Amino acid sequence: EVVPVVDTRKYDSENEDYDSDDHVKTLALGTMILRKSKEKAMVDASYNRYAWNDPQGLPDWFVDDENKHYRPQLPIPPALLEKMNAKIMHLA
């Protein structure tokens, strides 16, 4: 007998940990991904020699700190961020 998997998670968009800056960055990244050349460049830039470096035997505090700060910075042009911020403010 096959038992269906039921997803019991509840999604509540009112209680997310995003602020307006996160929404602006997300909109800017979505705009950048629309161009295939930028999409390919962003995917290629996401790979580095430490991408699969799983730490073992390290203290928990160090691993938590690495998870927070050890991410490549996304190359979002400041002019695009300003444009997306103005677009969100216009919609609000």
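Higher on the page you've got the structure.
Reference entry: report on the structure contained in this document. (Residues numbered from 1 in each chain as written. Predicted model: local features only at pLDDT ≥ 70, side-chain atom pairs only at ≥ 80, totals over all residues. Heavy atoms only, no water.)

## Comments concerning the overall build of the protein chain
Phase 1: Scanning the protein chain from terminus to terminus reveals four helices and zero strands.
Phase 2: In the protein chain, buried positions account for 9% of the 92 residues.
Phase 3: Considering only residue pairs separated by 6 or more positions, the protein chain has 73% of its internal contacts joining residues 24 or more positions apart.
Phase 4: Per element, the accessible surface of the protein chain, about 8,900 Å² overall, is 55% carbon and sulfur. (Helix = DSSP H or I, 4+ residues; strand = E, 2+ residues; numbered from the N terminus. Buried < 20%, exposed > 50% of the residue type's maximum accessible area, 1.4 Å probe, protein only. Contact = heavy atoms within 4.5 Å. Areas by Shrake-Rupley, 256 points an atom, 1.4 Å probe, with all protein chains shown as cover.)

## A short note on the nonpolar core
Phase 1: Core analysis: the largest hydrophobic core is formed by eight residues, namely Val24, Ala28, Leu29, Met32, Met42, Ile76, Leu80 and Met84.
Phase 2: Counting residues per element, the ones that place at least two in this core are α1 (20–33) and α4 (78–91).
Phase 3: Residues within four places of Met42 in sequence aside, it is in contact with Leu29, Met32 and Ile33. (Core = buried A, V, L, I, M, F, W, Y, C linked by side-chain atoms within 4.5 Å.)

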